[in-house]
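# Coordinate inspection notes
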Amino acid sequence: MKTVLVGVGQAGGKVATALAEFDDEMGFHAVRDAIAVNSAKTDLRDIPLDTVLVGQDVVKGHGVGGDNELGAEVMANDAEEVMSELSGKIGSETEAIFVIAGLGGGTGSGGAPVLAKELSRVYDTPVYAIGILPGRDEGSLYQANAGRSLKTLAREADATILIDNDAWRETGDSVAEGMAAINENIARRIGLLLAAGEPVEDRSLGLGGGGLDRDVAQSVVDTSEVINTLRSGGLAAVGYAESEASEDPDENVNVVTSTTRKALLSGTSLPGASEADAALLVVAGQPDSLSRKGVERARSWVEEETGSMEVRGGDFPLDTGRISSLVLMSGVERSDRVQEFMDRAADAQADSHDRTEGQRKRDAAETFQNDELDDLL
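The paragraphs below set out a description of the structure included in this document.

Thresholds applied
- Residues numbered from 1 in each chain as written.
- Predicted model: local features only at pLDDT ≥ 70, side-chain atom pairs only at ≥ 80, totals over all residues.
- Heavy atoms only, no water.
- Helix = DSSP H or I, 4+ residues; strand = E, 2+ residues; numbered from the N terminus.
- Buried < 20%, exposed > 50% of the residue type's maximum accessible area, 1.4 Å probe, protein only.
- Contact = heavy atoms within 4.5 Å.
- Core = buried A, V, L, I, M, F, W, Y, C linked by side-chain atoms within 4.5 Å.
- Pairing = 2+ DSSP bridges.
- Axes fitted to C-alpha atoms, helices over the stretch in contact; angles between N-to-C directions.
- Salt bridge = Lys/Arg side-chain N within 4 Å of Asp/Glu carboxyl O.
- Parallel < 35°, antiparallel > 145°, perpendicular 65-115°, else oblique.
- Left-handed = near helix turned anticlockwise from the far one by under 90°.
- Nonpolar A, V, L, I, M, F, W, Y, C, P; charged D, E, K, R; others polar.

Okay, the overall build of the protein chain next. Within the protein chain one finds 12 helices and 10 strands. When the 377 residues of the protein chain are sorted by exposure, 56% land in the buried category. Considering only residue pairs separated by 6 or more positions, the protein chain has 80% of its internal contacts joining residues 24 or more positions apart.

Here is the structure:
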């Protein structure tokens, strides 16, 4: 899937970098170009991509301080500059544009929906979003920002793949370690999704083996199947798992099915999301070791588990001693995890409003208890 990435905000820029580097390292060449956009100059300093600094007239390169309304404003004001940077990167061969953002901060949560809308207006190419939800411990401002941004982003993008920060963060991880693990998980999942069906050089996915097999698998996934899976729009999630492969294809029937179950039930970017409108199963491994019976059984199980009659499936030839399963699900808005997050965001928004009202009352009281005013009276 020939793709151009646009990372918006600090998290967006880092994830776009991780995904572009993963794609390059593996020799997939699915990511044709990538840029990072931010209102904070320091956050762009170490990004090895082309960059665009927005909001210089307003925030002078210092960021928007978590204010996503200001983030939307500066993106709208400088959208022409961002689009100009992208004009030479998005061509006739581009099959999808991915806007990537952390939804809790200011620039990403405010700016990503604005940019997705502008891209959809200008280009007749699917515009997908990768939205990163803040963890439970990241503060009420981040929760409230993400709740507002998610609704807008889901409306403006053709589909939004959700990444829950709590999905892969290990207990005891520092913030930096947690973010690095999340970025790696995103890059591996989305990278494999974009690469599936593309002709690639000899590389491995770091799954324990040499490189990509040049033999064609029996049912290779192509770009159209990814696009058709996401066609219903709304929210999407990606699940992934891997296991040791047996040399005997018959024994791999159970390996494929069990790995797929693990991908969907415990390896998704949105934990607990299994009910979906449509899904795509990609099974990667040595063509000689992959069991077509196992792939078909796994596809049927995904169909049953998601409650969808629109489940596609296929292979990804990979020279490795392991079998990996990737499941893309679209239409996961009904999942308990999404509802739980939106409830948390609403509570955070209400708390923020209460604190603001309380502060106004305290400020008013202090005004009338001011010694200087008393002296004047």
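Moving on from the model shown.
What follows deals with the nonpolar core. It is characteristic of soluble globular proteins that their nonpolar side chains tend to be buried jointly. Among the nonpolar cores identified, the biggest contains 60 residues, and Val82 and Leu119 are the most heavily contacted of them. Among the elements that make up this core, the one with the highest residue count is helix H4 (residues 68-87) (six residues). Residue contacts for Leu119: discarding those within four places in its chain leaves Met83, Leu86, Ile90, Ile97, Val99 and Val127. Counting residues in hydrophobic clusters, the runner-up holds 51 residues, among them Ile100, Trp168, Ile186 and Ile190.

Our next topic: the sheet that holds strand E10 (residues 322-330). If you walk across this open sheet you meet the 10 strands as E3-E2-E1-E4-E5-E6-E7-E10-E8-E9, and the pairing is mixed. Looking along the sheet, the strands with just one partner apiece sit at the ends: strand E3 (50-53) and strand E9 (311-317). Between one strand and the next, the sheet's axes are offset by a mean angle of 20°, whatever the strand orientation. Pairing geometry for strand E2 (residues 31-38) and E3, over four bridges, is parallel. Along E3, the bridge assignment pairs Val37 with Val52. Most of the contacts of helix H1 (residues 9-26) go to strand E1 (residues 3-8), to which it runs at about 150°, and overall it touches E1, E2, strand E4 (96-102) and strand E5 (127-133). The strands that helix H9 (residues 252-266) touches are strand E7 (235-244), strand E8 (278-285) and E10; relative to E10, the one it contacts most, it runs at about 40°.

Further remarks concern the pattern of salt bridges. Pairs can form between side chains of opposite charge whenever their charged atoms are close. One pass over the full model with this rule turns up 17 salt bridges. The salt bridge involving Glu156 is made with Arg155; its shortest N-O contact spans 3.6 Å. Overall, Glu156 belongs to the buried group, its relative accessible area being 18%. Ionic pairing is found between Arg322 and Glu244, a salt bridge with its closest N-O pair at 2.5 Å. With Arg322 in strand E10 and Glu244 in strand E7, this residue pair connects regions lying 78 residues apart in the sequence. For Glu244, a relative accessible area of 53% translates into the label exposed. Through salt bridges with shared partners, a single ionic network connects Asp33, Asp50, Glu85 and Lys89.

With that out of the way, let us pick up the side chain of Thr3. Relative to the assigned elements, Thr3 resides in strand E1. Once residues lying within four places of it in the same chain are set aside, the contact partners of Thr3 are Ala30, Val31, Arg32, Asp33, Ala96, Phe98 and Leu194.

What follows deals with the pairing of E9. Within E9, seven of the seven residues are buried, leaving the element largely enclosed by the surrounding structure. Side chains Val311, Gly313, Asp315 and Pro317 project from E9 onto one buried face, and the interleaved Arg312, Gly314 and Phe316 project onto a second face that is buried too. One ladder, built from seven bridges, connects E8 with E9; its direction is parallel. Within E9, the position partnered with Val283 by the bridge is Asp315.

Here Trp168 shows up in the loop between strand E6 (159-164) and helix H7 (175-195). With a relative accessible area of 11%, Trp168 lands in the buried category. If near-sequence neighbours (up to four positions away) are discounted, Trp168 is found in contact with Ile163, Ile182, Asn185, Ile186, Arg189, Gly267, Thr268 and Ser269.

Attention shifts here to the packing of H4 against helix H5 (residues 107-122). Contact geometry of H4 with H5 gives a least axis separation of 8 Å together with a crossing angle of 40°. The pairing of H4 with H5 is recorded here as oblique in orientation. Of the two possible hands of crossing, H4 and H5 adopt the one that is right-handed. Contacts between H4 and H5 involve Asn68, Gly71, Ala72, Met75, Ala76, Val82, Met83 and Leu86 on the former and, on the latter, Thr107, Ser109, Gly110, Gly111, Val114, Leu115, Glu118, Leu119 and Val122. Considering only residue class, the contact of H4 with H5 consists of 10 nonpolar, six polar and one charged.

Turning next to the pairing of E7. Successive side chains on a regular strand alternate, one facing one side of the sheet and the next facing the other. Of all 10 residues in E7, eight are buried, a share of seventy percent or more. As judged from the two bridges shared by E6 and E7, these two strands associate in the parallel manner. Within E7, the position partnered with Thr160 by the bridge is Leu235. In the sheet, E7 pairs with E10 via nine bridges, with the strands oriented antiparallel. Pairing of Glu244 across the sheet is with Arg322, part of E10.

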